[in-house]
Amino acid sequence: MAKIGVIGTGYVGSVSGACLADFGNYVICIDNDEKKIDALNKGTIPIFEPGLDAVVERNTRCGRLSFTVDLPVALGQCNVVFIAVGTPPADDGGADLLYVEQAARQIGSLIDKYTVIVNKSTVPIGTGRKVTQWIKEELLKRGINIDFDVVSNPEFLREGCAVYDFMHPDRVVIGSESEKARSIMKDVYRSLYLNETPFIETTLESAEMIKYASNAFLAVKITFINEIAGLCEKTGANVRDVARAMGKDGRIGSKFLHPGPGYGGSCFPKDTKALSKIGRDYDEIQHIVETTIETNERQKIRAAKKIENALAPLNGKTISILGLAFKPNTDDMRESPSISICEYLVSLGAKMRVFDPAAMKEAAWRLSHLKDSLFFACDEYDCMSTADALVIATEWNQFRNIDLLKAKELLVSNYFFDLRNIYKPEEVISAGFKYYGIGHQ
Ligand code: NAD
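Quick caveat: nothing in here was measured; it's all calculated off a predicted structure.

Section: the packing of aromatic side chains
Consideration 1: Throughout the structure, instances matching the rule amount to 14 aromatic pairs.
Consideration 2: Here Phe256 and Phe268 contribute two aromatic rings whose centre-to-centre distance is 6.1 Å and whose plane-to-plane angle is 50°, an arrangement assigned as tilted. Residue Phe256 is found in the loop between helix H11 (239-247) and helix H12 (268-281), and its partner Phe268 is found in helix H12; the two are separated by 12 residues along the sequence.
Consideration 3: For Phe256, a relative accessible area of 27% puts it in the partly exposed group.

Structure (structure tokens):
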């Protein structure tokens, strides 16, 4: 049976490690962040991810899952090592491989038997070959020759339903030329393999490309409907009906056709930028992806301008923002449209009251540069109290059912910006608000 090490215990590593243990594997999760590992060893999950605590609890209790900062001891026990470290954007837009290189070199300096090294981080095409090279260099320094294989196994989980996604993936992609490594990977994912989950076996390069192409395609789809929403506003069409009818076409599909204030998060913004950089490096410009990146930036500002146009001048006005995470069911605020919206409105003199059910701790440092103009509210009603306008920026379930009459009483004016189109305009209007959605009158 495979004994698995997972290097990096963030959103992807913690979920992958816990779920792989739930599949019956022995898993050791390693991170160099002592605080994170201490918390996990005490049963505290450092991120907000529904359902993860239960999977961690049941697998640590039966001894299949453990957490450590001690990489040498962990690697001594493992024959499969996942790399799940961050690949943040570098200054030139490409993926910064610093953490991947560190992890690969650490592996090369420590392994003492045949090991399968599995790259789960999202990395530029060609990184699998680089990982092989970095490990070989470290083995050379040690003057030894140990057999190993590198596999690309990109991850497609969505924050907010990551546990479900990991356990019920649409497909598992395994990129490797080694028959031995592929067979070990099928063992690692035995429960999915037996469940007839589609396994795509391919080369390292294709596996790496699949991840970027998939994320970029989804970013393009969101951006497309955002642009159509803008045109709907000008022409009198209603994007809700347009998207619903488009989505019924089996060739198009209904997912990712919900207009909003632009995509954010830890993946789409950085992966589209990285793919565009790869395109430029290979002199094969990815025009659609590059346009998507620009259009998405405009969409965030367009949402903020909608508020400005209705309320101007903003100086002396207070705006209530409900939702700071880039989407519901996560505390992740990386590249969240709420950040751009707050920055824009504050730059015009507005005061902000903000609330998110999970991301307040994140917000405290990610919005610290605006702190003189920001009030951190303790719930949605506290957030809207004394505000001139209410803005729904993230579609958390608890924001779908606001007591509109109470809201109207708490606000000092009556502007309602539904940037996620979660309310029926007539309901909001009949409660006494001026309603502004996305892509409809
Ligand atoms: P993250 O920043 O949440 O976690 C990365 C972790 O790696 C951190 O805890 C960090 O301390 C640790 N780390 C870095 N170098 C280390 C080392 N040498 N040894 C031990 N620990 C180390 O990142 P994430 O969101 O989990 O993303 C990881 C990768 O997965 C990225 O490439 C990302 O693009 C990809 N991905 C993310 C998602 C997502 O929804 N977050 C989904 C699919 C793929």
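Describing the site of the ligand
Consideration 1: Surrounding the ligand, one finds 25 residues, the nearest of these being Asp31, Lys36, Thr87, Glu159 and Lys270.
Consideration 2: Glu159 places a polar side-chain atom, nitrogen or oxygen, 2.8 Å from a nitrogen atom of the ligand.
Consideration 3: For the ligand, whose free accessible area comes to 830 Å², the fraction covered by protein is 90%.
Consideration 4: Looking at the shell around the ligand, the elements with two or more residues in it are helix H1 (11-22) and helix H5 (98-110).
Consideration 5: Looking at the shell around the ligand residue by residue, the class counts come to eight nonpolar, 10 polar and seven charged.

What about the sheet that holds strand S12 (residues 389-392)?
Consideration 1: Taken in spatial order, the six strands line up as S11-S10-S9-S12-S13-S14 in an open sheet, and their pairing is parallel. If you trace the sheet from one side to the other, it starts and ends with strand S11 (374-376) and strand S14 (434-436), each paired once. In this sheet, neighbouring strand axes are inclined to one another by 20° on average, regardless of whether the strands run parallel or antiparallel.
Consideration 2: Summarising the sheet, strand S13 (residues 415-418) and S14 pair through three bridges and their orientation is parallel. The residue of S14 that forms the bridge with Phe416 is Tyr435.

As for the state of the cysteines
A covalent bond between the sulfur atoms of two cysteines is referred to as a disulfide.
Consideration 1: Summed over the entire model, instances satisfying the criterion amount to zero disulfides.
Consideration 2: Left unpaired, Cys62 is separated from the closest cysteine sulfur, that of Cys29, by 13 Å.
Consideration 3: The class for Cys62 is partly exposed, based on a relative accessible area of 42%.
Consideration 4: The closest cysteine sulfur to the non-disulfide-bonded Cys378 is located on Cys383, 9.6 Å from its own sulfur.
Consideration 5: You can call Cys378 exposed: its relative accessible area is 62%.

Points about the pattern of salt bridges
Consideration 1: Under the definition given, this model contains 29 salt bridges.
Consideration 2: Among the ionic pairs, Arg251 bridges to Asp249, the shortest N-O distance being 2.8 Å.
Consideration 3: Under the relative-accessibility criterion, Arg251 is labelled exposed at 76%.
Consideration 4: One salt bridge in this structure joins Lys270 and Asp271, with 3.0 Å as the shortest N-O distance. The residues Lys270 and Asp271 share a single accessibility class, namely buried.
Consideration 5: Salt bridges linked by common partners bring Glu101, Arg105, Glu137, Glu138 and Lys141 together as one network.

Here we look at the nonpolar core
In a soluble, globular protein the nonpolar side chains are often hidden away together inside.
Consideration 1: Core analysis: the largest hydrophobic core is formed by 42 residues, its most contacted members being Ile4, Leu20, Val80, Phe82, Val116 and Tyr189.
Consideration 2: Broken down by element, the residue count for this core peaks at six residues, all from H1.
Consideration 3: Apart from the residues lying within four places of it in its own chain, the contact partners of Phe82 are Ile4, Gly5, Val6, Ile7, Leu20, Val118, Lys120, Asn153, Met185, Val188 and Tyr189.
Consideration 4: In terms of nonpolar packing, the next biggest core, distinct from the first, is built from 37 residues, Val239, Ala303, Ile307 and Ala389 among them.

Looking at helix H10 (residues 204-235)
Owing to its 3.6 residues per turn, the α-helix aligns residues three or four sequence positions apart on the same side.
Consideration 1: The end-to-end C-alpha separation of H10 is 47 Å, in line with the 46 Å expected for 32 residues at 1.5 Å each.
Consideration 2: Following H10 by one or two positions, Gly236 has its phi on the positive side, about 90°.

Details of the side chain of Ser178
Consideration 1: Among the secondary structure elements, Ser178 is positioned in the loop between strand S7 (172-175) and helix H8 (179-188).
Consideration 2: Note on Ser178: relative accessible area 13%, which makes it buried.
Consideration 3: In this structure the side chain of Ser178 is engaged in a polar contact, spanning 2.9 Å, whose partner is the side chain of Asp149.
Consideration 4: For Ser178, the contacting residues outside a window of four places in its chain are Tyr114 and Asp149.

Thresholds applied
- Residues numbered from 1 in each chain as written.
- Predicted model: local features only at pLDDT ≥ 70, side-chain atom pairs only at ≥ 80, totals over all residues.
- Heavy atoms only, no water.
- Phe/Tyr/Trp six-rings, centres within 6.5 Å; stacked < 30°, edge-to-face > 60°.
- Helix = DSSP H or I, 4+ residues; strand = E, 2+ residues; numbered from the N terminus.
- Buried < 20%, exposed > 50% of the residue type's maximum accessible area, 1.4 Å probe, protein only.
- Near = heavy atom within 4 Å.
- Polar contact = N/O pair within 3.5 Å; in protein donor to acceptor, adjacent residues only side chain to side chain.
- Areas by Shrake-Rupley, 256 points an atom, 1.4 Å probe, with all protein chains shown as cover.
- Nonpolar A, V, L, I, M, F, W, Y, C, P; charged D, E, K, R; others polar.
- Pairing = 2+ DSSP bridges.
- Axes fitted to C-alpha atoms, helices over the stretch in contact; angles between N-to-C directions.
- Disulfide = S-S within 2.5 Å.
- Salt bridge = Lys/Arg side-chain N within 4 Å of Asp/Glu carboxyl O.
- Core = buried A, V, L, I, M, F, W, Y, C linked by side-chain atoms within 4.5 Å.
- Contact = heavy atoms within 4.5 Å.
- Expected span 1.5 Å × (residues − 1).

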